[in-house]
Amino acid sequence: MELQPKQEGSTVVLSPAGRIDHTHADAFKQALDPHLADCRRDGAPLVIDFSDISYISSIGLRALMVAIKQVKAQGGRMVLAALQPLVLEVFTISRFDMLFEIFPDRAAAVAAVSAVGT
Amino acid sequence: MKARIWGARGSLPVALTHKQVRAKLVTALKGAVGRDLDTPQKIEHYIDNDLGFEVSGTYGGNSSCVEVEAWDTDAIHEHIILDFGSGARPLAGSKLARYGPGKPQTYHVFMSHLHWDHIMGFPFFTPAYIPGNRIIIYGCHKDLETAFRRQQEPISFPVAFHQLGATIEFVQMEPGVPLQVRDVTVTAKLQLHAGDSYGYRLEHGGKTLIYSTDSEHKLDNAAERVAFVDFFRDADLVIFDAMYSLADSISVKADWGHSSNVVGVELCQLAGVHKLCLFHHEPIYDDAQISRVLAETRRYAEITGEAPLEIVSAYDGMEIAL
């Protein structure tokens, strides 16, 4: 899965697209993994822009869970932005909304992670 | 077939508190203001149609026990039970009320596993005390009999196992090897739970019921997912351990041996299941929380875009016809 990484200041923004379900979750995880190493204290914060994600299933949520555990252990910060209403519902139903910082749009997410430490 | 839920709660029996009962009354009476409920019929209509089940009823608090009715029980005095949680006590009362102590009955009891919440009803299962009754306990655990005898040792219970009047037998099952109880075929499947647990697939007259409780699903284990989809395949009803949220089940409560509503929906839709019954409710959930989970689960089944799936949430006393 192509995540189209873009540097916005010190922040890396990833933009996956499509469905993160049983068919695509492995590809999403493999694409995400290389970006996690630099997401550490004094490293590059990560924003995942979900605006082009139409659905995420349990195994996709698990991939996010594994990622956030790694990032937190490294002292980094990874946040989510611009969830479509149906995807946001999945986060609420699964209680993943309690585990992630979720921002209404990409700009708000980048601003929030960039503001830390300034 | 018909499933009758006698105990829907997970881990530990619970009861409504006085504050919870009062809160239901306050909600119901507030909602009645201005409705002119001046006849018993209007009152009952209001309770049955305008109040949510979380206000007008309760999901109940007995631990796991499900009765499966496959035969004309007026003619055939044999019964199928899944697990001996505290729900076995009211089940026993209902059988005695219907048949009386003078008509011997045979009970076929399939055990998911031997943790306390699944065996604790047995010492209060009154048919066990009545000579002439026959109780056949089936399971895949090697220490099946030991678990039942041990909980009636003097340190835990005043009546020893050997003092029980009924004929009690234990039948060792093997996962994947079908067993016949009259014309019901029962097949066990190993599940992930501390000390192992087993799900059961019951087939009778073209209908299939799955009982799958105390079962954790590791999302990264594709082979196990396929195995469970095969086990659930085309079932009319799956009674499923939906104790935790997905987030809890794979984070703070990972390896606690339970699953979630979200995984239940996904497995059932992959397997072409007709109806999912959420089961083994978290003991700290009140009725409102369980109703919320039910509504969210129905919504999730819509969001996935997969095959339609009917979803209910188990409550003590619920009957589901297949």
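What comes next concerns the included structure. Only a predicted model underlies this, so the values are computations on that prediction, with no experimental measurement involved. (Residues numbered from 1 in each chain as written. Chains lettered and ligands numbered in written order. Predicted model: local features only at pLDDT ≥ 70, side-chain atom pairs only at ≥ 80, totals over all residues.)

### Considering helix 10 (residues 287-303) of chain B
- Taking 1.5 Å per residue as the helical rise, helix 10 of chain B with its 17 residues ought to reach 24 Å, and the 24 Å between its terminal C-alpha atoms agrees with that figure.
- Looking only at helix 10 of chain B, the buried set comprises B:Asp287, B:Ile290, B:Val293, B:Leu294, B:Thr297, B:Tyr300 and B:Ala301. Seen along its axis, helix 10 of chain B keeps its buried residues to an arc of 145 degrees; they face one direction.
- Against the buried residues of helix 10 of chain B lie helix 3 (85-94) of chain A together with helix 3 (53-56), helix 9 (261-271), strand 12 (275-279) and strand 13 (310-313) of chain B.
- Just beyond helix 10 of chain B, the residue with positive phi is B:Gly305, at close to 75 degrees. (Helix = DSSP H or I, 4+ residues; strand = E, 2+ residues; numbered from the N terminus. Expected span 1.5 Å × (residues − 1). Buried ≥ 20, exposed ≤ 12 C-beta atoms within 10 Å, placed from the backbone. Arc of directions from axis to C-beta. Contact = placed C-beta atoms within 7 Å.)

### As for the nonpolar core
- Counting residues in hydrophobic clusters, the biggest one holds 117 residues, and the most contacted among them are B:Leu209, B:Val238, B:Ile239 and B:Leu276.
- Among the elements that make up this core, the one with the highest residue count is helix 2 (residues 58-73) of chain A (seven residues).
- Leave out the neighbours within four places in its chain, and B:Ile239 touches B:Ala3, B:Val66, B:Ile210, B:Tyr211, B:Ser212, B:Thr213, B:Cys277, B:Phe279 and B:Ala314. (Core = buried A, V, L, I, M, F, W, Y, C linked by C-beta atoms within 7 Å.)

### Overview of the interface of chain A and chain B
- At the interface, 15 residues of chain A touch 15 residues of chain B.
- Elements that contribute at least two residues to the side of chain A that touches chain B include exactly helix 2 and helix 3 of chain A.
- Taken together, the residues that form the side of chain A that touches chain B break down as nine nonpolar, three polar and three charged. (Nonpolar A, V, L, I, M, F, W, Y, C, P; charged D, E, K, R; others polar.)

### Section: the sheet that holds strand 13 of chain B
Residue and element names in this part refer to chain B.
- What the seven strands build is an open sheet, ordered 7-8-9-10-11-12-13; its pairing is mixed. Here the strands that pair on one side only, and so sit at the sheet edges, are strand 7 (179-181) and strand 13. The sheet shows a mean angle of 20 degrees between the axes of neighbouring strands, direction not considered.
- Two elements, strand 11 (residues 237-241) and strand 12, share five bridges in a ladder whose sense is parallel. Within strand 12, the residue paired with Val-238 across the bridge is Leu-276.
- Against the sheet, helix 10 makes contact with strand 12 and strand 13, and its axis sits at roughly 170 degrees relative to strand 13, the strand it touches most. (Pairing = 2+ DSSP bridges. Axes fitted to C-alpha atoms, helices over the stretch in contact; angles between N-to-C directions.)

Distances and angles like these do not, on their own, reveal function.
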